[in-house]
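Chain and residue survey
So you can see what is in the structure, the chains are spelled out below.
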Amino acid sequence: MKEIVCISGKGGTGKSSVVAALSWIAKDNLVVADCDVDAADLHLIFSPLPRKSEDFFSGVKAVIDPAMCAACGLCADKCRFDAITKSDAGYRVLPLDCEGCAYCYHLCPVEAIRLEEQNVGQCFLSDTRYGCSLVHARLDIGADNSGKLVAKVKHEAQALAKTEAKDFILVDGSPGIGCPVISSLSGADAVLMVTEPSLSAHSDLARLWELIQKFRIPAACIINKADINPRITAGIKTWLMHEGIRHLADLDYDQDFQKAITAGKNVVEENNAKWQPVFAEIWNAIKEIR
Amino acid sequence: MRIAIASGKGGTGKTTLAVNLALKLAESSTTLLMDLDVEEPNGGIFIEGQCIVTIDARRMVPFWQQNACNLCGKCPSLCRYNAIIKLGDYIMVMPELCHSCHACSELCPVNALPMQALPLGTLKHQSLGKLDFVESRLNIGLEQASPLISQALSYADKHFAGHDYQILDSPPGTSCAMISATKTADYAILITEPTPFGLYDLSLAVETMRHLGKPFGVVVNRWGIGNSEVLDYLKRESIPLLAKIPHAREIAIAYSQGEILYQAFPAVDEALNQIIKHIEAAL
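Residues numbered from 1 in each chain as written. Chains lettered and ligands numbered in written order. Predicted model: local features only at pLDDT ≥ 70, side-chain atom pairs only at ≥ 80, totals over all residues.

1. With respect to the interface of chain B and chain A
It is common to give the size of an interface as the accessible area that goes away when the parts come together. Listed per partner, the contact involves 49 residues of chain B and 49 residues of chain A. Looking at the side of chain B that touches chain A, the elements with two or more residues in it are helix H4 (103–107), helix H6 (176–182), helix H7 (196–212) and helix H9 (249–256) of chain B. At eight residues, the largest contribution of residues to the side of chain B that touches chain A is made by H7(B). For the side of chain B that touches chain A, the class distribution of residues is 20 nonpolar, 22 polar and seven charged. (Contact = placed C-beta atoms within 7 Å. Helix = DSSP H or I, 4+ residues; strand = E, 2+ residues; numbered from the N terminus. Nonpolar A, V, L, I, M, F, W, Y, C, P; charged D, E, K, R; others polar.)

2. Focus on the sheet that holds strand E3 (residues 50–62) of chain B
Residues and elements named next belong to chain B. Sheet architecture is open: nine strands sit in the order E3-E6-E7-E2-E8-E1-E9-E10-E11, paired in mixed fashion. Looking along the sheet, the strands with just one partner apiece sit at the ends: E3 and strand E11 (241–246). Neighbour-to-neighbour, the strand axes of this sheet turn through a mean angle of 20°, independent of strand direction. Alignment of strand E1 (residues 2–6) against strand E8 (residues 165–169), held across four bridges, turns out to be parallel. Within E8, the position partnered with Ile5 by the bridge is Asp169. Contacting strand E2 (31–35), E3, strand E6 (115–128), strand E7 (131–138) and E8, helix H5 (residues 146–160) crosses the sheet at an angle of about 160° to E7. On top of the sheet, helix H10 (residues 266–282) reaches E1, strand E9 (187–192), strand E10 (216–223) and E11; it is set at about 170° to E11, its chief contact. (Pairing = 2+ DSSP bridges. Axes fitted to C-alpha atoms, helices over the stretch in contact; angles between N-to-C directions.)

3. Topic: the domain arrangement of chain A
As assigned here, chain A comprises domain 1 (2–47 + 128–288) and domain 2 (60–119). The C-alpha centroid of domain 2 of chain A is placed 41 Å from the C-alpha centroid of domain 1 of chain A. (Domains from an automatic or database assignment.)

4. Quick look at helix H7 (residues 199–215) of chain A
Residues and elements named next belong to chain A. When the terminal C-alpha atoms of H7 are compared, their 25 Å separation across 17 residues agrees well with the 24 Å that a helix rising 1.5 Å per residue should span. The complete set of buried residues in H7 reads Ser200, Ala201, His202, Asp204, Leu205, Leu208, Trp209, Leu211 and Ile212. With its phi angle positive at about 55°, Arg216 sits one or two positions after the end of H7. (Expected span 1.5 Å × (residues − 1). Buried ≥ 20, exposed ≤ 12 C-beta atoms within 10 Å, placed from the backbone.)

5. What to know about the sheet that holds strand E3 (residues 49–64) of chain A
Within a sheet, adjacent strands bond to each other through the backbone by hydrogen bonds, running parallel or antiparallel. Residues and elements named next belong to chain A. Ordered in space as E3-E6-E7-E2-E8-E1-E9-E10-E11, the nine strands form an open sheet in which the pairing is mixed. Since the sheet does not close on itself, it has two edges, and those belong to E3 and strand E11 (246–251), each with one partner. For this sheet, the mean inter-axis angle between neighbouring strands, taken without regard to orientation, is 20°. One ladder, built from five bridges, connects strand E9 (residues 190–195) with strand E10 (residues 219–224); its direction is parallel. Across the sheet, the residue bridging to Leu192 is Ala220, located in E10. The strands that H7 touches are strand E1 (2–7), E9 and E10; relative to E9, the one it contacts most, it runs at about 170°.

6. Things to note about the nonpolar core
Of all hydrophobic cores here, the largest spans 155 residues; its most connected members are Ile189(B) and Leu190(B). Filtering out sequence-adjacent residues up to four positions away, Ile189(B) remains in contact with Ile3(B), Ile5(B), Leu17(B), Phe216(B), Gly217(B), Val219(B), Leu242(B) and Ile275(B). Membership of the second largest hydrophobic core comes to 31 residues, among which are Ile64(A), Tyr91(A), Cys101(A) and Cys79(B). (Core = buried A, V, L, I, M, F, W, Y, C linked by C-beta atoms within 7 Å.)

7. Some words on the domain arrangement of chain B
Domains assigned within chain B are domain 1 (2–58 + 120–282) and domain 2 (64–113). Measuring from the centre of the C-alpha atoms in domain 1 of chain B to the corresponding centre in domain 2 of chain B gives 39 Å.

Below is the structure:
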């Protein structure tokens, strides 16, 4: 089983469009995992029908019982996240600021603080109109456990690929290089980077690549909207060669991409004659990355 | 006045709007631009000012003092992030999992876990006329963006409280980093694009702003691609539409090479005027 993670550093470079098109090509032999858990979009194209949904619990938040609180202020004083405030009604925990470290719970001299388990999202295992299974999730607002939910989605996808005897897992990752991206890279076999020819995207790609190298995962790159700035595209290609990253394809800016998304389709469905050969070739190349 | 620029979806034009809005405001008012997309900061590609100061941001992490430790085993059971493990007669601290809560350190009965400062990232302050620009950049490999965002905002509170405007360029998404970047703002501008992806992620960002009780309005970027469902959504939800920025290949090209847009494209300038008018009226 081979796990391929599609990421970009910068948002909006076309990760999800690429994942949707590749999934369509490889639909008989893969499980798809949407690990962009705080802005998951693949469900808008895959029309998933959940056959299993599960609440995701992770971490705790502190709650102060006003009837027991002696108003000593020790908890507010020691909280490093400024998550405890005092008002006329007494001390109170601000749930969006509480990181669930439980320091206050251990400190409170009158045991007025309890810890509540947090349901921070949901994870879905779905059938799709593509035929392949999709594992996706919904992280609750402001939740600080995106990395753990990503790990959960990946774990479910791995189990599914095993029972369904599929050879590939294709992961749609988050923008950035922080907690959810690090979690999506953990245990991956190959990385597909999708970039675009802008100074911002190149800078983001370089930071992402520095992170990927810590994991020693082989990577390949697609330059999307390559014709928007041929000079920067050429610069990115030189950089890829220098870094030993395989350049898989240049995709020119094409309205088919927007049209497909707007119609809830992938770009191969939108224009099979044009895009089927392109993405079939990309998929064949990705399979060989090691 | 502190204005956060945010979006659920990435790549919808947050930095473009933040940079152009800040530069335009700075033509007549003291303005601070903060790049809080600490994982992938790009504001510096568009703004070249005079560097005032570069600050190494640090975070506090426990450091095990073997000779002081009595191996009581309290610290691994206290840590909610599994950042401390006891292996036989050895205590292992994993800084990448630590949230700097200080619980293990301050509750250790024999003071065997003093906190020490580890690198977190950098804050870089530049100045350009009436504009102050602060970029915050997280060290690669670190998972938590929020501590650096908080430090950057403290820097803003300390040095720029008197500025007429503070523009915050936030990270994408709706999770903790985006909340950290927007929660102290007086007003939020959510920027989206008129596609189903853009609309869905906008709805998540809207839910987040409502949860925070934050006044906000929406800018639709790349108007002309996709469809007009986003306008129906805004109407249905009674959300103010601040401006539409048209889609144009020339704008995409100018952006790609790090150019400022509003002086070259009257449509962008007009959109900024509308946004400023809306914000002034809202506050």
